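Now for the letters of each chain:
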Amino acid sequence: MIKTDILIIGAGPTGLFTVFEAGLLKLKCHLIDALPQPGGQCSEIYPKKPIYDIPGFPEILAGDLTKNLLEQGRQFEPGFTLGERAETIEKLEDGTFIVTTNKGTKHHAPVVAIAGGLGSFEPRKPAMDNLEVYEDNGLEYFIKDPEMYRNKRVVISGGGDSALDWSIFLSDVASEVTLIHRRNEFRGALDSVEKVSELKDAGKINLITPAEVTALHGDGKIEALTVNVDGKDIRLETDHFIPLFGLSPKLGPIADWGLEIEKNAIKVDNSLNYQTNIPGIFAIGDVNTYPEKLKLILCGFHEATLMCQAAYRIINPGKRYVLKYTTVSGIDGFDGSRKEAPKAVVQSI
């Protein structure tokens, strides 16, 4: 049983910033996310795309925003359950909650903050028969541990940033990397496309375009693929097939938790603190809805800040919190670190 003060479901920008705001209140956070790494869409879908509306940053790459948020919250030592989806929730007699993931990991907290963005992300799967036979038997939709591909033959399919970036990364890990895309043009970052082209010329990546994987072969484990290249089928021997076709957002099991749902979003009380119809459960960021809602990262940061104040009152009933600016009070990390502004020096002349 993982115990924490605030259990955050979703490790996107809003969830990550919640760690910092909760830490200022001496509250510990643990985050659950179905993706294998923190950052949500910023990490998985568009890590190299610039964002222009983050206060203080005229321009910042989505992946860099994730790194900064992780660094900002690191001093408050958050816990992570990654690659698992929050499946069920149980409210105990004392008002606290137990959230269990699809892999059976249990979490206990007095406050639950749903910061799931557009919902839990499910991989877009290729249209082929018998996929379930090979899932986790050579067929993977996410790369959780690159070392599992060490000295293996790997085929990646896709034309976006994820397909390009992982092809580049695994070119130094796998014995053979093949990138397959149904078009000659890629829609990823230009520097990634150029890098793949360089690695192709150097013989470190096999590039097959325009082409499409149409069938999987193997006795319980992937051994080969059928690839259609310009209308002709070829057989390609491989150890792993990784189709990276993007993610499909779904509210998922959270929709069955008894929360008030409106148009695939969770209704909250925005006049106070973004609490749902169930006391102790909050929804912040793109996953929530209320009158005049704007689905912007900066709005999620604001919602997280107010939610943490409400969480403090739930966890510390009757105790008053006095707001102090970090420029005055400084920041005491749970790791023993201390950040504070230089003290003024009084001198006589």
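Residues numbered from 1 in each chain as written. Predicted model: local features only at pLDDT ≥ 70, side-chain atom pairs only at ≥ 80, totals over all residues. Heavy atoms only, no water.

Novice: What is the right way to look at the pairing of strand E10 (residues 111-114) in this model?
Specialist: Each regular strand displays side chains that alternate between the two surfaces of the sheet. Judged by which residues are buried, E10 turns out to be covered on both faces: Val-111 and Ala-113 on one side and Val-112 and Ile-114 on the other are all buried. Pairing of strand E2 (residues 6-9) with E10, which is carried by 4 bridges, proceeds in the parallel orientation. Residue pairing in the sheet places Ile-9 in a bridge with Ile-114 of E10. Relative to strand E22 (residues 281-283), E10 runs parallel, the two being bridged by 3 bridges. Across the sheet, Ile-114 pairs through a bridge with Ala-283, a residue of E22. (Buried < 20%, exposed > 50% of the residue type's maximum accessible area, 1.4 Å probe, protein only. Helix = DSSP H or I, 4+ residues; strand = E, 2+ residues; numbered from the N terminus. Pairing = 2+ DSSP bridges.)

Novice: Can you walk me through the sheet that holds E10 in this structure?
Specialist: The strands making up a sheet associate through hydrogen bonds between their backbones, and the pairing can be parallel or antiparallel. Pairing in this open sheet of 5 strands is parallel, and the strands run E6-E3-E2-E10-E22 from one edge to the other. With partners counted over all chains shown, the strands left at the sheet margins are strand E6 (79-82) and E22, one partner each. Neighbour-to-neighbour, the strand axes of this sheet turn through a mean angle of 20 degrees, independent of strand direction. As paired strands, E2 and strand E3 (residues 29-33) are joined by 4 bridges and run parallel to one another. (Axes fitted to C-alpha atoms, helices over the stretch in contact; angles between N-to-C directions.)

Novice: Teacher, can you tell me more about the packing of helix H5 (residues 161-170) against helix H6 (residues 190-201) here?
Specialist: What describes two packed helices is the angle between their axes and the distance between those same axes. Where H5 contacts H6, the axes come no closer than 9 Å and their chain directions differ by 40 degrees. With respect to H6, the element H5 is oriented oblique. The handedness of the crossing between H5 and H6 is left-handed. Between H5, through Leu-164, Asp-165 and Ile-168, and H6, the contact on the second element is made entirely by Ser-192, Val-193, Lys-195, Val-196 and Leu-199. Looking at side-chain class alone, the contact of H5 with H6 contains 5 nonpolar, 1 polar and 2 charged residues. (Parallel < 35°, antiparallel > 145°, perpendicular 65-115°, else oblique. Left-handed = near helix turned anticlockwise from the far one by under 90°. Contact = heavy atoms within 4.5 Å. Nonpolar A, V, L, I, M, F, W, Y, C, P; charged D, E, K, R; others polar.)

Novice: Just checking my understanding: could you explain the nonpolar core for this structure?
Specialist: Soluble, globular proteins show a tendency: their nonpolar side chains are buried together. If you look at the biggest cluster of nonpolar residues, it comprises 55 residues, and the most contacted ones within it are Ile-6 and Ile-114. Of all elements in the fold, only E2, helix H1 (13-24), E3, helix H3 (62-74), strand E8 (97-101), E10, E22 and helix H7 (297-315) reach the threshold of two or more residues within this core. It is H7 that contributes the most residues to this core, 8 residues altogether. Not counting the four nearest positions on each side in its chain, Ile-6 is found in contact with Ala-22, Leu-27, Lys-28, Cys-29, His-30, Val-111, Ala-113, Cys-308, Ala-311 and Ile-315. (Core = buried A, V, L, I, M, F, W, Y, C linked by side-chain atoms within 4.5 Å.)

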